[in-house]
Amino acid sequence: MSLLNTTKIAVIGGGSWATALIKILCEQHNVQVRWWLRNQHDIAHIRKFHHNPSYLSDVVLSPKKVRVFEKTTEAVKGADYIILAVPAAFVQESLQHLSARHLQGARVVSAIKGMIPDRNILVTDWVSQEYGIKMEDTCVIAGPCHAEEVALEKQSYLTIASTACPAAEDFAGLMTCRYVSAHALDDLYGVEYAAVMKNIVALACGITHGLGYGDNFQAVLVSNAMQEIGNLVTAMDPRQRNMSASAYLGDLLVTAYSQFSRNRLFGNMIGRGYSVKAAQLEMKMIAEGYYATKSIHELNKLHQVNLPIVGAVYSILYEDQHPAAIMEQLKKVLK
Ligand SMILES: NC(=O)C1=CN([C@@H]2O[C@H](COP(=O)(O)OP(=O)(O)OC[C@H]3O[C@@H](n4cnc5c(N)ncnc54)[C@H](O)[C@@H]3O)[C@@H](O)[C@H]2O)C=CC1
Ligand SMILES: O=C(CO)COP(=O)(O)O
């Protein structure tokens, strides 16, 4: 491998999405992945066996292309791109040892579909505020794409959204391989807010499924949700956009209907009577929608967009309201 033309990509996070993205990167020529994971046992296992023992453990992680690091400061050294792939709730903690100096010269790519809790801001805004990265040097990886299907090499599509990142097209090239097709889109905020919202909707779908509602109801819930997502996105960043593009509608559909969706699964447990704590303990993975519900609810105090589905999920998860009673109320406002 010629080091001269090699693209160095730091990946922060040891979960299923980080593992799937590294699998895609390993399909490229001239790419070197510098991977930071939190879990020391996983690091030792990957160095020895070239598989992540905790997530997508069948995926082979080429030792020629992937180096693992204990420290974020080491992992990001000389990186052209830094991919953030931890759940939003842990991103501040994961990057705590990095300063603006460490990130200088790199483009930051968020693969996170969530918001920074308590501050209720998007991850790209947080990166820009915290590390002084220009917005045009950030982008997000979006689109309907479950890590599990990437692992199975099932045909998938990704959208690389940015304000106008000159490197978005190049990065889309790095995310394209035999079974993944990626394209660039200049709608960073629309795509990022839509990705946050669709997780809340998937929770609602799971809750109603757990309560015994059927496909007829879910189709109406998802159609109404699409309007709710559109209204929120327009309030946050008004402009013309095609909301039926796969980064918006496609991602909502896959998360609302897929057997692999953690948000849907989490909601389903709530609908079946689990408490929030019990559902979190049962799931090894993170349902971003749980945190996003609170962030969007709080953010919306300022914007006052009509968000009945978010309101219903908030009442169930944060106000201890009974799921069946709340869905009875929601039923009356859906059309
Ligand atoms: N899994 C998927 O198919 C996709 C995930 N995403 C997004 O990628 C982001 C990362 O999610 P996944 O890799 O799926 O997560 P995951 O649920 O597979 O893994 C959990 C991750 O959270 C970390 N973690 C757990 N507890 C922690 C703590 N207390 N402190 C710090 N880190 C902790 C784990 O180390 C691991 O990296 C999320 O924003 C998700 O929405 C986006 C597209 C697809
Ligand atoms: O964003 C995703 C698919 O596009 C993943 O959704 P879940 O976190 O619900 O599994």
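What counts, and where the lines are drawn
- Counting restarts for each chain: residues are numbered from 1 in the order of the written sequence.
- Labels are handed out in written order, letters beginning with A for the chains and numbers beginning with 1 for the ligands.
- In keeping with the model being predicted, local features are shown solely for residues with a pLDDT of at least 70 and side-chain atom pairs are shown and tallied solely at 80 or more, while totals for entire chains, interfaces and linings include all residues.
- The basis for the side-chain values is all heavy atoms of the structure; hydrogens and waters are excluded.
- The nonpolar core is taken to be a set of buried Ala, Val, Leu, Ile, Met, Phe, Trp, Tyr and Cys residues, with the residues joined through side-chain atoms within 4.5 Å.
- Note on exposure labels: buried denotes an accessible area under 20% of the residue type's maximum, exposed denotes more than 50%, and partly exposed covers the range between, all computed with a 1.4 Å probe on protein chains only.
- Comment: elements are numbered from the N terminus, with helices defined as DSSP H or I runs of at least four residues and strands as E runs of at least two.
- Working rule for contacts: check all heavy atoms of both residues, and any pair within 4.5 Å makes them a contact.
- A single heavy atom is enough: if one lies within 4 Å of a molecule or strand, its residue is considered near that molecule or strand.
- Pairs of N or O atoms within 3.5 Å make up the polar contacts considered here, provided that, within protein, one atom can donate a hydrogen while the other can accept it, and that residues adjacent in sequence are counted only when both atoms are side-chain atoms.
- All accessibility values rest on the Shrake-Rupley procedure with a 1.4 Å probe; residue burial counts only the protein chains present in the view.
- Throughout, the ten residues Ala, Val, Leu, Ile, Met, Phe, Trp, Tyr, Cys and Pro are labelled nonpolar, Asp, Glu, Lys and Arg are labelled charged, and all others, Gly among them, are labelled polar.
- For two strands to be treated as a pair, DSSP must find no fewer than two bridges joining them.
- For helices, the fitted line uses only the C-alpha atoms of the stretch in contact; every axis is such a line through C-alpha atoms, and the angle between N-to-C directions lies from 0 to 180 degrees.
- UniProt positions are given in the numbering used here, feature names are shortened, and annotations may be inferred rather than shown by experiment.
- Any pair of Phe, Tyr and Trp rings, taking the six-membered ring for Trp, is counted once the centres come within 6.5 Å. Such a pair is stacked with planes under 30 degrees apart, edge-to-face with planes over 60 apart, and tilted for the rest.
- Placement of a charge over a ring requires the Lys NZ or Arg CZ to be within 6 Å of the ring centre, with the centre-to-atom vector within 35 degrees of the ring normal.
- By convention a crossover is right-handed if, when the strands point away from the viewer, the path from the first strand over the helix to the second runs clockwise.
- Put simply, a salt bridge is a Lys or Arg side-chain nitrogen that is within 4 Å of an Asp or Glu carboxyl oxygen.

Caption draft 1: Quick peek at the nonpolar core. If you look at the biggest cluster of nonpolar residues, it comprises 55 residues, and the most contacted ones within it are Met197, Leu221, Ile229, Phe266, Ile270, Ile296 and Leu317. Residue contributions to this core peak at 12 residues, all from helix H9 (residues 188-211). Apart from the residues lying within four places of it in its own chain, the contact partners of Met197 are Glu228, Ile229, Leu232, Ile296, Leu307 and Val310.

Caption draft 2: Just the site of ligand 1, in detail. Lining the immediate environment of ligand 1, one finds 21 residues, of which Ser16, Trp17, Ala147, Ile286 and Glu288 sit closest. At a separation of 2.7 Å, an oxygen atom of ligand 1 approaches a polar backbone atom of Ala147. Note that an oxygen atom of ligand 1 is positioned 2.6 Å from one of the side-chain N or O atoms of Glu288. Burial of ligand 1 by the protein amounts to 89% of the accessible area it has alone, namely 830 Å². Taken together, the residues that form the shell around ligand 1 break down as 12 nonpolar, four polar and five charged.

Caption draft 3: Highlighting the environment of Pro323. By the secondary structure assignment, Pro323 is in helix H16 (residues 323-333). Contacts of Pro323, omitting those with residues within four sequence positions, involve Ile207, Leu211, Ile270 and Ile316.

Caption draft 4: Representation of the site of ligand 2. Lys198, Asp251, Ser261, Arg262 and Asn263 are the nearest of the 13 residues found near ligand 2. Residue Ser261 places a side-chain N or O atom 2.8 Å away from an oxygen atom belonging to ligand 2. Separating an oxygen atom of ligand 2 from a side-chain N or O atom of Asn263 is a distance of 2.8 Å. Coverage of ligand 2 by the protein chains reaches 93% of its 310 Å² of free accessible surface.

Caption draft 5: The arrangement of the environment of Ser246 in detail. Mapped onto the fold, Ser246 is located in helix H11 (residues 246-257). Once the C-alpha coordinates of Ser246 and Leu103 are considered, the two residues, 143 residues apart in sequence, prove to be 31 Å apart. Those residues within four positions of Ser246 in sequence are excluded, and the remaining contacts are Gly143, Pro144, Thr159 and Asp251.

Caption draft 6: Molecular detail of the sheet that holds strand S3 (residues 66-69). Spatial strand order, S3-S2-S1-S4-S5-S8-S9-S10: eight strands in an open sheet with mixed pairing. Here the strands that pair on one side only, and so sit at the sheet edges, are S3 and strand S10 (180-185). Neighbour to neighbour, the strand axes of the sheet diverge by 25 degrees on average, direction disregarded. One ladder, built from six bridges, connects strand S1 (residues 7-12) with strand S2 (residues 31-36); its direction is parallel. Each bridged residue has a counterpart across the sheet, and for Ile9 the counterpart in S2 is Val33.

Caption draft 7: Representation of the UniProt feature "binding site: NADPH" (unreviewed entry) in the protein chain within the structure. If you check UniProt for "binding site: NADPH" (unreviewed entry), the listed places come out as Ser16, Trp17, Arg38, Tyr55, Lys113, Ala147, Arg262, Ile286 and Glu288 in our numbering. Topologically, Ser16 is positioned in helix H1 (residues 16-26). The residues touching Ser16, leaving out its near neighbours within four places in the chain, are Tyr55, Leu56, Ala147, Arg262 and Met285. With respect to the helices and strands, the residue Arg262 is situated in helix H12 (residues 262-271). Contacts of Arg262, omitting those with residues within four sequence positions, involve Ser16, Met283, Met285, Ile286 and Ala287.

Caption draft 8: Representation of the packing of aromatic side chains within the structure. Enumeration over the complete set of coordinates arrives at seven aromatic pairs. Ring geometry for Tyr314 against Tyr318: centres 5.2 Å apart, planes inclined by 20 degrees, an arrangement best described as stacked. Taken as a pair, Tyr314 and Tyr318 lie in helix H15 (residues 308-318) at a separation of four residues, close to a single helical turn. Overall, Tyr318 belongs to the partly exposed group, its relative accessible area being 23%. What links up through ring pairs into an aromatic cluster is the set Phe266, Tyr290, Tyr291, Tyr314 and Tyr318. Stacked on the ring of Tyr55, the Lys or Arg Lys284 has its end atom at 4.5 Å from the ring centre.

Caption draft 9: Main features of the UniProt feature "domain: Glycerol-3-phosphate dehydrogenase NAD-dependent C-terminal" (unreviewed entry) in the protein chain. The sites that UniProt annotates as "domain: Glycerol-3-phosphate dehydrogenase NAD-dependent C-terminal" (unreviewed entry) are residues 187-327. Strand forms 0% of residues 187-327 and helix 76%; the C-alpha atoms that close the span are 33 Å apart.

Caption draft 10: Quick look at the pairing of S3. In this structure, S2 lies alongside S3, joined through four bridges in parallel fashion. For Trp35, the partnering residue across the bridge sits in S3 and is Val68. In this view, the connection linking S2 to its parallel neighbour S3 by way of helix H2 (residues 40-49) has right-handed handedness.

Caption draft 11: Region of interest: the pattern of salt bridges. Applying the stated criterion to the full structure yields 14 salt bridges. One salt bridge in this structure joins Glu298 and Lys294, with 3.6 Å as the shortest N-O distance. With Glu298 and Lys294 both in helix H14 (residues 288-303) and four residues apart, the pair spans about one turn of that helix. Take Glu298: its relative accessible area is 23%, and that puts it in the partly exposed class. Classification of Lys294 as partly exposed rests on a relative accessible area of 28%. Put simply, Lys331 and Glu328 hold a salt bridge, and the shortest N to O gap is 3.0 Å. Linking Lys331 with Glu328, this pair stays in helix H16, spanning three residues, or about one helical turn. The exposure class assigned to Glu328 is partly exposed, which follows from its relative accessible area of 36%. Where salt bridges share partners, they join Asp186, Asp187, Asp237, Arg239 and Arg241 into one cluster.

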